[in-house]
Amino acid sequence: MAASWHQRLINTLVNAVRMLGENMNRIVIRWWLVFCISVLLCAIGFSFGLVNELYQKDPTRISFLILILYFCSTIYIGFSEWAIAKNKISDEHYVNVRRIAWFIAESLMALGMIGTVIGFILMLGSSFESIDVSNTETLKSTLTSMAIGMSTALYTTVTGLICSLWLKTTLVVVNPGE
């Protein structure tokens, strides 16, 4: 019986950790573990249709901007950890990398809040302009319009909060003494 894509993904991640082996320090291995968990969680979300739902419910696509920034930041952190382990960057540069990463973590949360405001604007902006309480079709149209705005607000908020929290977790796990 052929292995499912879940099992193949797990095997690939385990083999990658083995390849890192003893050549890398513990910090890079901790980063790799958190990164692999992130990829696994995204794959699970994709298999349950969460990515498609996010695409349908967030017309602003701010949630995808947040996800892209999260993964780019995580890769940036991992590359920087590898470079410091190999003495390829200075300590001063490493401190700047950490500051940038913490700033991005805060920015992810801020983007989620911006999405919330945009969602409320979509929800309340033009919803009540053409409402006729005696006509069920206009009520239905208004409620549909409001639901799109509310889903945008909620999806961007939860995406921003989760990605910000996970990036901060990555930073703490990678360098707990900071």
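Anything mentioned here points back to the structure above.
If you're wondering where the values come from, they're calculated on a predicted model, not measured in any experiment.

Peer 1: Report on the overall build of the protein, specifying residues and quantitative values.
Peer 2: Along its length, the protein carries 6 helices and 0 strands. If you list the helices and strands of the protein from N to C, you get α-α-α-α-α-α. Long-range contacts, defined as pairs at least 24 residues apart, comprise 77% of the intrachain contacts of the protein with a sequence gap of at least 6. About 10,900 Å² of surface is accessible on the protein, with carbon and sulfur atoms providing 69% of the total.

Peer 1: So what about the pattern of salt bridges? Which residues, and what values?
Peer 2: A full pass over the atoms with the stated rule returns 2 salt bridges. Across the pair E81 and R98 runs a salt bridge whose closest N-O atoms are separated by 3.3 Å. You can see E81 sitting in helix α4 (residues 62-85) and its partner R98 sitting in helix α5 (residues 91-124), a full 17 residues away along the chain. Judged by relative accessible area, which is 4%, R98 ranks as buried. Between K168 and E106 there is a salt bridge whose closest N-O contact spans 2.6 Å. Remark: E106 occurs in helix α5 and K168 occurs in helix α6 (residues 136-174); sequence separation between them is 62 residues.

Peer 1: Quick rundown of the packing of α4 against α5? Include the residues and the values.
Peer 2: Orientation of α4 relative to α5, taken along the N-to-C sense of each, is 170 degrees, at an axis distance of 10 Å. Taken together, α4 and α5 sit at an angle that is classed as roughly antiparallel. Contact residues: I62, L65, I66, L69, Y70, S73, Y76, I77, S80, E81 and I84 in α4; D91, Y94, V97, R98, I100, A101, I104, L108, L111, G112, G115 and I118 in α5. The residue inventory of the contact of α4 with α5, partitioned by class, reads 16 nonpolar, 4 polar and 3 charged.

Peer 1: I'd like to hear about unusual backbone geometry, residue by residue, with values.
Peer 2: Non-glycine residue R61 carries a positive phi angle of around 65 degrees. Of note, R61 is situated in the loop between α3 (50-57) and α4.

Peer 1: Tell me about the environment of P59, residues and numbers included.
Peer 2: By the secondary structure assignment, P59 is in the loop between α3 and α4. P59 sits in the partly exposed class, given a relative accessible area of 44%. When the C-alpha positions of P59 and G119 are compared, they lie 9.3 Å apart, and in sequence the two are 60 residues distant. Residues contacting P59, with those up to four places away along its chain left out, are L122, I148 and T152.

Peer 1: Run through the environment of R26, naming residues and quoting values.
Peer 2: Along the chain, the position of R26 falls in helix α2 (residues 26-47). Classification of R26 by relative accessible area gives exposed; the value is 68%. The spatial distance from the C-alpha of R26 to the C-alpha of V174 is 8.5 Å, given a sequence separation of 148 residues.

Peer 1: Please give an account of the packing of α5 against α6 that cites residues and values.
Peer 2: Their axes nearest at 7 Å, the elements α5 and α6 cross at an angle of 170 degrees. If you check the angle between α5 and α6, you find them roughly antiparallel. For the contact of α5 with α6, the per-class residue count stands at 19 nonpolar, 11 polar and 3 charged.

Cut-offs applied
- Residues numbered from 1 in each chain as written.
- Predicted model: local features only at pLDDT ≥ 70, side-chain atom pairs only at ≥ 80, totals over all residues.
- Heavy atoms only, no water.
- Helix = DSSP H or I, 4+ residues; strand = E, 2+ residues; numbered from the N terminus.
- Contact = heavy atoms within 4.5 Å.
- Areas by Shrake-Rupley, 256 points an atom, 1.4 Å probe, with all protein chains shown as cover.
- Salt bridge = Lys/Arg side-chain N within 4 Å of Asp/Glu carboxyl O.
- Buried < 20%, exposed > 50% of the residue type's maximum accessible area, 1.4 Å probe, protein only.
- Axes fitted to C-alpha atoms, helices over the stretch in contact; angles between N-to-C directions.
- Parallel < 35°, antiparallel > 145°, perpendicular 65-115°, else oblique.
- Nonpolar A, V, L, I, M, F, W, Y, C, P; charged D, E, K, R; others polar.

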